[in-house]
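# Structural overview for review
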Amino acid sequence: MATDQYTHPDYYAMDDFLTDEQKLVRDAARAWVKKEVSPIIEDNYENCTFPRHLLKGLGEIGAFGPYIPEEYGGPGLDQISYGIIMQELERCDSGLRSTASVQSSLVMYPIWKYGNEEQRMKYLPKLGTGEMIGCFGLTEPDHGSNPGGMITNFKDDGDYVILNGAKMWISNAPFADIAVVWAKNEEGRIHGLVVERGMEGFSTPEMHGKHSLRASATGELIFVNVRVPKANILPNKSGLGAPLGCLDSARFGIAWGALGAAMDCYDQALRYSKERTQFGVPIGGFQLIQKKLAEMITEITKAQLLTFRLGQLRNDGRATSAQISMAKRNNVEIALDIAREARQIHGAMGITNEYSIMRHMANLESVLTYEGTHDVHLLITGMDITGIPAFTREMPEL
Ligand code: TGC
Ligand code: FAD
């Protein structure tokens with residue numbers, strides 16, 4: 001990949017809204033990404049490997065649990081700082097952000113919010129530094145958009161429970177030390193359990209053949225009569241609302257992150273349009289190229305405003321799940337549209353690994369689907385404004 005020359009677009013002076021601390025967080029994350037990740041990410045993407053040597057650095061820039069309080073070893077930052085870090089990571093690669101958002105929102109968040117003090121002290125400090133890596137098992141082979149139908153289950157066995165079932169499409173699974181797993185008890189109630197690598201009957205085979213998110217490791221979680229100590233059950237929340245609460249946090253980070261990918265594509269397209277000449281003039285002088293660029297910056301600016309306001313609401317504890325869904329859905333959609341337009345502006349060069357655009361485009365196809373598909377988020381908005389859920393339909397007579 002060519003040298004990373006990224007400067008972020010800020011057409012409406014959004015920087016004026018950031019505190020000095022938020023700017024410092026951003027600058028540290030950006031400098032680290034440019035120095036440590038940009039030079040190697042194309043190779044990892046090509047070889048379909050996650051750069052595990054980066055885990056310690058991710059911990060050092062505060063990417064693992066930015067909002068976890070200092071008493072549990074976290075940096076104690078606000079939600080906007082969390083969003084900014086996810087944006088800087090995804091500006092480089094969605095897989096890099098995936099690793100950080102799973103660790104933060106889907107592993108540290110439930111242990112912090114639903115765990116007891118002993119569980120918090122045992123896991124959070126090590127997860128914060130990257131010494132320990134976690135994954136989150138909600139999706140099953142036959143239950144993706146409808147996680148409430150899950151069949152993974154556990155039965156009582158004295159001081160233990162016996163866990164059986166399988167999870168699929170799990171980010172970080174192949175190398176995770178622990179998994180926060182969602183499973184039903186004998187009454188059919190969903191609980192979160194911390195399953196540790198090495199427990200007998202627990203395996204994490206890697207999934208292969210992805211054309212998207214190739215620099216992120218994805219795997220299965222398989223449980224065959226795994227004896228999990230009852231002490232590993234997260235005691236403070238159960239029911240489907242527990243994993244969905246984690247998704248709120250992760251989707252918030254994705255809204256910021258996907259916008260980062262969009263900003264990177266725009267930044268490259270703008271630069272290229274001034275450098276590349278055809279018919280004796282820079283292509284940026286053609287009206288049709290300007291239309292693409294002008295529409296890109298308009299969508300980016302609207303998304304920046306939406307996302308920043310969501311950050312304020314989240315900081316105040318007022319962001320609703322539906323508001324988060326709207327931002328996740330909008331920002332991934334505009335990012336994909338912008339990646340496609342930026343690819344066109346680069347002509348043939350746009351399909352090469354000299355530029356990150358095609359990698360962003362392929363990655364964003366996963367982002368469009370995970371953490372709630374594009375259409376599920378639209379239905380969440382629909383339900384919020386009408387009060388009528390449209391997720392299920394009576395099976396018609398055929
Ligand atoms: P529904 O009846 O609507 O709700 C069940 C209970 O949950 C509550 N609830 C929420 N609580 C907190 N946050 C939310 N966002 C919530 N949404 C709903 C709700 O109030 C209810 O509580 P209670 O007390 O009344 O029982 O549930 P439903 O079965 O009809 O499903 C609704 C639907 C479709 C929106 C939901 O299931 C959904 O969001 N599906 C999408 C599944 C999904 O997003 N999976 C993501 C897996 S993790 C992942 O993709 C990680 S990728 C990570 C990476 O690499 O970055
Ligand atoms: P399905 O639910 O089968 O959906 C198929 C299609 O049907 C979609 O277009 C969907 O929008 C549509 N559809 C479904 N229900 C409805 C409805 N009611 N109305 C209208 N349309 C509907 N999961 C985890 O638990 N942990 C992870 O770490 C994780 N990481 C992932 C990493 C990657 C790279 C990917 C691709 C996925 C990951 N997932 C993870 C899984 C992800 O959350 C699911 O893929 C997602 O929730 C969709 O489920 P599905 O793929 O089974 O699609």
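What you see is a predicted model; the values in this text were computed from it and never measured.

### Digging into the site of ligand 2
With respect to spatial proximity, 17 residues lie near ligand 2, and among them Thr139, Ser145, Trp169, Thr373 and Phe391 are the closest. With respect to ligand 2, the backbone of Trp169 contributes an N or O atom lying 2.7 Å from a nitrogen atom. Between Thr373 and ligand 2, the recorded distance is 2.7 Å, taken from a side-chain N or O atom to an oxygen atom. Every element with two or more residues in the shell around ligand 2 is listed here: β3 (160-171), α10 (357-369) and α11 (374-386).

### Considering the domain arrangement of the protein
Here the domain parsing of the protein yields domain 1 (14-133), domain 2 (135-232) and domain 3 (241-386). Centre-to-centre separation of domain 1 and domain 3, based on C-alpha positions: 20 Å. Taken residue by residue, the interface counts 29 residues in domain 1 and 36 residues in domain 3. With both sides pooled, the region where domain 1 packs onto domain 3 buries about 2,600 Å², and carbon together with sulfur makes up 59% of that total. For the pair domain 1 and domain 3, the interface holds three salt bridges. Across the salt bridge formed by Arg359 and Glu42, the nearest N and O atoms sit 2.9 Å from each other. Taken together, domain 1 and domain 3 are joined by 16 residue pairs in polar contact (both at pLDDT 80 or more). Put simply, the parts of the chain that give the side of domain 1 that touches domain 3 at least two residues each are α2 (41-47), α4 (79-92) and α5 (94-114).

### Observations concerning helix α7 (residues 241-275)
Here α7 is 35 residues long and its end C-alpha atoms lie 51 Å apart, about the 51 Å a rise of 1.5 Å per residue gives. For α7, a buried count of 29 out of 35 residues is recorded, marking the element as mostly surrounded by other parts of the structure.

### Quick word on the state of the cysteines
As enumerated under the stated definition, the model contains zero disulfides in all. Looking at Cys265, it has no disulfide partner, and the nearest cysteine sulfur is the one in Cys92, 12 Å off.

### Section: the site of ligand 1
Every one of the 25 residues lining ligand 1 counts as a neighbour, but Ser98, Ser171, Asp248, Arg251 and Gly372 are closest to it. Ser98 places a side-chain nitrogen or oxygen 2.7 Å from an oxygen atom of ligand 1. A distance of 3.4 Å separates an oxygen atom of ligand 1 from a polar backbone atom of Gly241. A total of 1,100 Å² of accessible area belongs to ligand 1 in isolation, and the protein chains cover 67% of it. Listing elements by their share of the shell around ligand 1, those giving two or more residues are α5 and α7. For the shell around ligand 1, the element with the highest residue contribution is α7, accounting for six residues. The class makeup of the residues in the shell around ligand 1 is 11 nonpolar, 10 polar and four charged.

### Details of α5
Each turn of an α-helix holds 3.6 residues, which means side chains three or four residues apart point in the same direction. At Met108, α5 is bent by approximately 35 degrees, the largest bend along its length, and proline Pro110 sits one to four residues beyond. In terms of residue burial, α5 counts as a mostly covered element, since 20 of its 21 residues are buried. Looking at where α5 begins, the residue whose side-chain oxygen comes 2.8 Å from the main-chain nitrogen of Gly95 is Asp93.

### A word on the nonpolar core
Of all hydrophobic cores here, the largest spans 66 residues; its most connected members are Leu58, Leu89, Ile111, Leu127 and Trp182. Looking at this core, the element that brings in the most residues is α5, giving 10 residues. Setting aside its immediate chain neighbours within four residues, Leu89 contacts Trp32, Val33, Leu58, Ile61, Ala63, Leu96, Arg97 and Ala100. Among the nonpolar cores identified, the runner-up in size contains 34 residues, and Ile300, Ala303, Ile334 and Val367 belong to it.

### Digging into the packing of aromatic side chains
Under the defined criterion, the tally for this structure stands at 15 aromatic pairs. Residues Tyr109 and Trp112 carry aromatic rings whose centres are separated by 6.3 Å and whose planes lie at 85 degrees to one another, so their mutual orientation is edge-to-face. Remark: Trp112 and Tyr109 occur in helix α5; sequence separation between them is three residues, near one turn of the helix. Among the aromatic residues, ring-to-ring pairing joins Tyr67, Tyr82, Tyr109, Trp112, Tyr114, Phe136, Trp182, Phe252 and Trp256 into one connected group. Above the ring of Tyr45, the side-chain terminus of Arg214 is found at 5.9 Å from the ring centroid.

Cut-offs applied
- Residues numbered from 1 in each chain as written.
- Chains lettered and ligands numbered in written order.
- Predicted model: local features only at pLDDT ≥ 70, side-chain atom pairs only at ≥ 80, totals over all residues.
- Heavy atoms only, no water.
- Near = heavy atom within 4 Å.
- Polar contact = N/O pair within 3.5 Å; in protein donor to acceptor, adjacent residues only side chain to side chain.
- Helix = DSSP H or I, 4+ residues; strand = E, 2+ residues; numbered from the N terminus.
- Domains from an automatic or database assignment.
- Contact = heavy atoms within 4.5 Å.
- Buried area = accessible area lost by both parts, 1.4 Å probe.
- Salt bridge = Lys/Arg side-chain N within 4 Å of Asp/Glu carboxyl O.
- Expected span 1.5 Å × (residues − 1).
- Buried < 20%, exposed > 50% of the residue type's maximum accessible area, 1.4 Å probe, protein only.
- Disulfide = S-S within 2.5 Å.
- Areas by Shrake-Rupley, 256 points an atom, 1.4 Å probe, with all protein chains shown as cover.
- Nonpolar A, V, L, I, M, F, W, Y, C, P; charged D, E, K, R; others polar.
- Bend = angle between axes of the 7 residues up to and from the residue.
- Core = buried A, V, L, I, M, F, W, Y, C linked by side-chain atoms within 4.5 Å.
- Phe/Tyr/Trp six-rings, centres within 6.5 Å; stacked < 30°, edge-to-face > 60°.
- Lys NZ or Arg CZ within 6 Å of the ring centre and 35° of its normal.

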